[in-house]
Amino acid sequence: MPDMSASASLAMTHLVPFAAEVDEDKVTPGVLGFIVFAVMALAVWGLMKSMNKQMGRIDFKEPTDPKGVSEETPADPKARQG
């Protein structure tokens, strides 16, 4: 595995002159920022559409209690005497 500090320092020596040319008052996200944002928006839209379809497939019907015992009263008679 190559030494990461050497490659990082090499990249910084090549990128520092480019950074000096950039006017800090006029920096914008540009086309790349728009493309990244658009891809993320499409991914979220696709995930929401998929989740909506999956939630639509769920058929949840709560079973009725034939004895009429509510959930608050315990089913064990010994527990009621306590």
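Reading the values: the criteria
- Just so you know, the residues in each chain are numbered from 1, in the order the chain's sequence is written.
- Local features in this predicted model are restricted to residues whose pLDDT is 70 or higher, and side-chain atom pairs enter the listing and the counts only when it is 80 or higher, whereas totals over whole chains, interfaces and linings include all residues.
- Based on all heavy atoms of the structure, the side-chain values leave hydrogens and waters out of the count.
- The numbering of helices and of strands both runs from the N terminus, where a helix is a DSSP run of H or I of at least 4 residues and a strand a run of E of at least 2.
- Each residue is assigned to one of three classes by its accessible area relative to the maximum for its type, calculated with a 1.4 Å probe on protein chains only: buried under 20%, partly exposed between the two thresholds, exposed over 50%.
- Residue burial considers only the protein chains on display, and all accessible areas are found by Shrake-Rupley using a 1.4 Å probe.
- A patch consists of residues whose relative accessible area exceeds 30% and which take part in no salt bridge; residues with like charges are grouped when within 9 Å of each other, and nonpolar side chains (Val, Leu, Ile, Met, Phe, Trp, Tyr) when within 5 Å.
- Just to be clear on terms, a salt bridge is a Lys or Arg side-chain nitrogen sitting within 4 Å of an Asp or Glu carboxyl oxygen.
- Confidence of the predictor at the level of single residues is given by pLDDT, which spans 0 to 100.
- UniProt positions are given in the numbering used here, feature names are shortened, and annotations may be inferred rather than shown by experiment.
- Expected span, for any helix, means 1.5 Å times one less than how many residues it has.

## Examining the overall build of the protein chain
Counting its secondary structure elements, the protein chain contains three helices and zero strands. Taking all 82 residues of the protein chain together, the buried fraction comes to 0%. Within the structure as shown, the protein chain displays about 8,400 Å² of accessible surface, and the carbon and sulfur contribution to it stands at 66%.

## Concerning a nonpolar patch on the surface
The grouping of Val44, Met48, Met51, Met55, Ile58 and Phe60 at the surface amounts to a nonpolar patch, some 680 Å² of accessible area in total. Judged by relative accessible area, Met51 falls into the partly exposed class, the value being 47%.

## Considering the confidence of the model for the protein chain
Mean pLDDT over the protein chain works out to 77, with 57% of the residues at or above the 70 mark. Confidence, read as mean pLDDT per element, is least for helix 3 (residues 77-81) in the protein chain (57) and greatest for helix 2 (residues 30-57) (96).

## So, the UniProt feature "transmembrane region" (unreviewed entry) in the protein chain
The positions UniProt marks with the feature "transmembrane region" (unreviewed entry) are residues 30-48. The straight-line gap between the two end C-alpha atoms of residues 30-48 is 27 Å; of that span, 100% is helix and 0% is strand.

## Observations regarding helix 2
One full turn of an α-helix is made of 3.6 residues, so residues set three or four places apart face in the same direction. Here helix 2 spans 41 Å end to end across 28 residues, near enough to the 40 Å set by a 1.5 Å rise per residue. Here helix 2 lies mainly on the outside; zero of its 28 residues are buried.

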